[in-house]
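Spelled out from the first residue to the last, the chains are:
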Amino acid sequence: MVTVVTYKDLQRAFDKVWVGGLLVKLQRNGVGGTMYRWIKSYLFNRRARANLDGTSSHKFLQRNGVSQGGILSPTLFLLFINDLVAELPRGVKTALYADDLVLRCSEEYATTANYRMQKATDRLSAWAEEWCVQVNTEKSCTTLFSLSPKQTDAGYIRICDTPLAEVEEAAYLGVMIQDTYPSETWTHVYTDGSASAAIKDGGDGIFILYTSGRSETNSIPTGRHCTNYRAKVEAIKQAIKLTEESPESCPNVVIFTDALSVLQALVNSKQSSISRALFSLCKTRVVSLQWIPAHCGVPGNENADRLAKLGATDNRPQNAITQEEKVTMIKALTKPRPTKDDYHLLER
């Protein structure tokens, strides 16, 4: 899975609002009567002057824009730009905060995401031309987010034949967004867990790549009675322990896992054992947990998967299991196996 993100800069957005177009959109959104006439009076015949070192210029008429610092200005601007979202094609999402606009598209392949993003950018350009909005191509850019080494280029996204710069990091609402965790400053920890038939003979695999370039591997059996979920939880806990005890300097740690259900449980405060382990690690380090898709060619993830299978072959100790795990195992054992119909039983 890859995500293409484009950051669009609307040039002098508040100052360039087309007042006539804004009034049309107010009516389309059901604003009429006294409220409409009041806002129209507020927007028209506005005059301003500049003041420098106590000297004021002549007053000049402001024909466009909403006043900077005005209480109504953000609301009026949102009404003006809100219909842009409806213009975007399927599969493209938006993050819109005042004049900060971000488009994102997630697909299996970068070429597909790039194609959809270009369609969305073309519609944005058409909308901007229709409503007298200018997009600043020099301040707009694009980024490809992917953990696969095979997909590292988002291709060219163009606005009116002008290609946008492709960057590795960009600022949005004061936050720097990066496409990767740089291996020069982040310790990469890959974890995986597996169990035979998803309910027995579990094993963990941990592959750690330190900022010094040194790597560490570990494969551990997790018990004769073990679900896939439990194996992946134990892998993350073991990885946290190894990182905490490591003599290597690793102030920034990112833990990669393909166990989305475990991360969701952690977010929903339903995975206290990992939370406790993280609490200790976070006292001395910056820690991030990152989901990655399984079996997509990410070298560290493939190493962790191989180590997990190796751990499952070691001597497996007897282990206690919870009531919830018992229910999962019973359901798996009693689930009827799919039967082949007459067509699939034919000889080929």
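Cut-offs and rules
- Residues numbered from 1 in each chain as written.
- Predicted model: local features only at pLDDT ≥ 70, side-chain atom pairs only at ≥ 80, totals over all residues.
- Heavy atoms only, no water.
- Core = buried A, V, L, I, M, F, W, Y, C linked by side-chain atoms within 4.5 Å.
- Buried < 20%, exposed > 50% of the residue type's maximum accessible area, 1.4 Å probe, protein only.
- Helix = DSSP H or I, 4+ residues; strand = E, 2+ residues; numbered from the N terminus.
- Contact = heavy atoms within 4.5 Å.
- Pairing = 2+ DSSP bridges.
- Axes fitted to C-alpha atoms, helices over the stretch in contact; angles between N-to-C directions.
- Phe/Tyr/Trp six-rings, centres within 6.5 Å; stacked < 30°, edge-to-face > 60°.

Draft legend 1. Just the nonpolar core, in detail. Residues Leu22, Leu26, Leu43 and Trp127 are the most contacted members of the largest nonpolar core, which totals 39 residues. By residue number, the principal contributor to this core is helix H5 (residues 110-130), which donates seven residues. Look past the residues within four positions of Leu22 in its chain and what remains in contact with it is Val17, Leu43, Val66, Leu76 and Phe80. In this structure, Ala259, Ala277, Leu278 and Leu281 belong to the second largest nonpolar core, which totals 19 residues.

Draft legend 2. Representation of the sheet that holds strand S14 (residues 187-196). Strand order in the open sheet formed by five strands is S16-S15-S14-S17-S18, and the pairing between neighbours is mixed. Bordering the open sheet on either side are strand S16 (215-225) and strand S18 (286-291), each of which pairs with just one other strand. Across the sheet, the axes of successive neighbouring strands diverge by a mean angle of 20°, strand direction being ignored. Summarising the sheet, S14 and strand S17 (residues 252-257) pair through four bridges and their orientation is parallel. The residue bridging Thr187 from the neighbouring strand is Val253, located in S17.

Draft legend 3. Here's a closer look at the packing of aromatic side chains. Throughout the structure, instances matching the rule amount to nine aromatic pairs. Between Tyr190 and Phe256, the ring centres sit 4.7 Å apart and the planes meet at 20°, which makes this aromatic pair stacked. In this pair, Tyr190 sits in strand S14 while Phe256 sits in strand S17, placing the two residues 66 residues apart along the sequence. Exposure class is identical for Tyr190 and Phe256. Each is buried.

Draft legend 4. Region of the structure containing the pairing of strand S6 (residues 92-97). Taken together, the six bridges between S6 and strand S7 (residues 100-107) define a ladder with antiparallel strand orientation. Directly across from Lys93, in S7, lies its bridge partner Arg104. Between S6 and S7, which pair antiparallel and follow one another directly, the connecting turn spans two residues, one of which, Ala98, has a positive phi of 55°.

Draft legend 5. Seen up close, the sheet that holds strand S8 (residues 141-145). The strand order across the open sheet built from five strands is S6-S7-S1-S8-S11, with neighbouring strands paired in mixed fashion. Bordering the open sheet on either side are S6 and strand S11 (165-166), each of which pairs with just one other strand. With eight bridges joining them, strand S1 (residues 2-9) and S7 adopt antiparallel strand pairing. The residue bridging Thr6 from the neighbouring strand is Leu103, located in S7. Set on the sheet, H5 makes contact with S1, S6, S7 and S8; between it and S7 the angle comes to about 150°.

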